[in-house]
Amino acid sequence: MLRRTVIVATAVALLVAPAAAAVAAPSGDELQAKLDAVVEAGMPGAFAEVRDGRRVWSPTAGVIDVRSGRPVRDGLRHRVGSITKTFVATTMLQLAGERKVALDAPIGRYLSRRLVPAAVGGRVTVRMLLNHTSGIGDFDTELLRSAEDIVQIGRTTYTPEQLARIGLGAAPTTGWSYSNTNYVLAGLIIEKVTGHSYRAEVSRRILRPLGLADTYFEGSDPTIRGPHMHAYVPWPPDGEPRDFTRYNMSWLYGAGEMVSTAADLNVFYRALLTGKLLSPALLAEMKTTVPSDPANPGVSGYGLGLYWIQLPGGRVWGHDGGVIGHQTVSWHTEDGKRQMTYAQSMSFYQTPGVTHPIDIAAARFWVASFSDATTAERSTTTARSTTDLSRHLVG
């Protein structure tokens, strides 16, 4: 059995520290060295874009594909998984601002009882979908149960209604529990109230106004348009990387089907956090969070398609995303000045309960993007003994 794919934040628990004043920006050499270390730890390829105001660093490491050995370069497109959720939530909040959706209305107001049972439709609100407190089960834990499931899902076209029914039929959850089903239902609500596909609404409201020309919805087309890294999973029994670059992404719909670039994501999150997409009141709604881990409320909190996590240099906001082979982290300071979007080309390499060297190296890169080298090194030395936060920072 294989674990569901996640963007692992294993080393993030060790990053929890009191908020600090702004620290010196990283150097390009430091960031390149730390990204090289991710590849040295076993990742086929990785790239990133780090911004500090107008200064931009775009380190790359490894290969685009293991057969040709072509080097990774800047500007590649990437499947960004659950980062899609921030785009969907932003669109829903815009609709709330236009009074086309009420965040605290039951979802049964918008979705048919033929899809959502009356008891669920009357209890769960739109807000509960967006902040993962709905109690609705996660469809992908039902779909992804074995290695063979990974193969079959990529060859299958799903409708959002099929995905929703699978999730609604899964065991209910309690408290805060990450569920991709929530964002499938959110996408369907957007379509119901606008009369357009959720893709068209996100494109009209966000992608085109911000000029995000390299960001699009992949859907059932198994190819990534434009240059990109291949997508790998270490395959049993010997762990050789299997190529899943051709993959039908209809299985994620509004929960995670977007393709983007590091540059586009940084533009999007800066626009979001600086109030260019939402009014101050709506942005405040988005940033009203619930603890991702109630036992450790100082670690992270999840809002409406946006979370915060505590780093040694202070709190950062964003999201991460993990699909079959591609994983992404996009974090930003609250003022949008310091930014980091990171992408890698392999998933499912971890052993449950064991911190992988790749994750230690990746976390060192993430922290270095927001703090000086001394802080980054000090913060990651105890990675192997820290709590695994991947259970609630997932794609």
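Procedures and definitions
- Residues numbered from 1 in each chain as written.
- Predicted model: local features only at pLDDT ≥ 70, side-chain atom pairs only at ≥ 80, totals over all residues.
- Heavy atoms only, no water.
- Buried < 20%, exposed > 50% of the residue type's maximum accessible area, 1.4 Å probe, protein only.
- Helix = DSSP H or I, 4+ residues; strand = E, 2+ residues; numbered from the N terminus.
- Pairing = 2+ DSSP bridges.
- Core = buried A, V, L, I, M, F, W, Y, C linked by side-chain atoms within 4.5 Å.
- Contact = heavy atoms within 4.5 Å.
- Phe/Tyr/Trp six-rings, centres within 6.5 Å; stacked < 30°, edge-to-face > 60°.
- Lys NZ or Arg CZ within 6 Å of the ring centre and 35° of its normal.
- Expected span 1.5 Å × (residues − 1).

Novice: It is not clear to me how the pairing of strand β13 (residues 327-333) should be interpreted in this structure. Could you clarify?
Specialist: For a regular strand, the rule is simple: side chains alternate between the two faces of the sheet. A large share of β13 lies buried, amounting to 7 of its 7 residues. The alternating pattern of β13 places Gln327, Val329, Trp331 and Thr333 and Thr328, Ser330 and His332 on opposite faces, both of which are buried. Here strand β12 (residues 314-322) runs beside β13; their pairing, made up of 7 bridges, is antiparallel. When the bridges of β13 are listed, glycine 321 appears paired with threonine 328. Count of turn residues in the β12/β13 antiparallel hairpin: 4 residues, of which glycine 325 carries a positive phi of about 100°.

Novice: Even after reading the chapter, I still don't get the nonpolar core, so can you show me in this structure?
Specialist: Within soluble globular proteins, side chains that are nonpolar generally end up buried alongside one another. Membership of the largest hydrophobic core comes to 105 residues, with the highest contact counts inside it found for Phe87, Trp251, Trp331 and Tyr342. Each residue touching tyrosine 342, except ones within four places of it in the same chain, is listed here: Leu35, Val38, Ala46, Phe47, Ala48, Gln327, Thr328, Val329, Ala362, Phe365 and Trp366. Counting residues in hydrophobic clusters, the runner-up holds 7 residues, among them Phe47, Leu76, Met229 and Ala343.

Novice: Would you mind showing me how to read the packing of aromatic side chains here?
Specialist: Pairs of aromatic rings are described using the distance from one ring centre to the other and the angle between the two planes. In this structure the tally under the stated criterion is 13 aromatic pairs. Residues tryptophan 176 and tyrosine 178 carry aromatic rings whose centres are separated by 6.3 Å and whose planes lie at 55° to one another, so their mutual orientation is tilted. Residues tryptophan 176 and tyrosine 178 agree in their burial class; the two are buried. Each ring, one from phenylalanine 244 and one from tyrosine 247, has its centre 6.1 Å from the other, and the planes form 70°; the classification is edge-to-face. Among the residues examined, tyrosine 247 registers a relative accessible area of 1% and is labelled buried. Following the ring pairs from residue to residue traces out a cluster consisting of Trp176, Tyr178, Tyr302 and Tyr307. One cation-aromatic arrangement involves arginine 242 over tryptophan 235; the distance from NZ or CZ to the ring centre is 4.8 Å. The ring of tryptophan 308 carries the charged tip of arginine 315 above its face, separated from the ring centre by 3.6 Å.

Novice: Help me out: how do you make sense of unusual backbone geometry in this one?
Specialist: Apart from glycine, the bulk of residues carry a negative phi angle, and the bulk of peptide bonds sit in the trans form. A cis geometry characterises the amide bond from proline 236 onward to proline 237, with omega recorded as 10°. Examined against the element boundaries, proline 237 turns out to sit in the loop between β6 (232-235) and β7 (240-243). Residue phenylalanine 348 is not a glycine yet carries a positive backbone phi of 65°.

Novice: Would you take a moment to explain helix α8 (residues 180-194) for this structure?
Specialist: Note: α-helices contain 3.6 residues per turn, so residues at a spacing of three or four share the same orientation. Spanning 15 residues, α8 covers 22 Å between terminal C-alpha atoms, matching the ideal 21 Å at 1.5 Å per step. Counting buried positions over the 15 residues of α8 gives 12, a clear majority of the element. Taken as a whole, α8 has its buried residues at Asn180, Thr181, Asn182, Tyr183, Val184, Leu185, Ala186, Gly187, Leu188, Ile189, Ile190 and Thr194. Buried positions along α8 lie against α2 (84-97), α4 (126-130), α5 (139-143), α7 (160-169), α9 (198-210) and β10 (300-302). Remark: glycine 195 follows α8 within two positions and exhibits a positive phi of approximately 80°.

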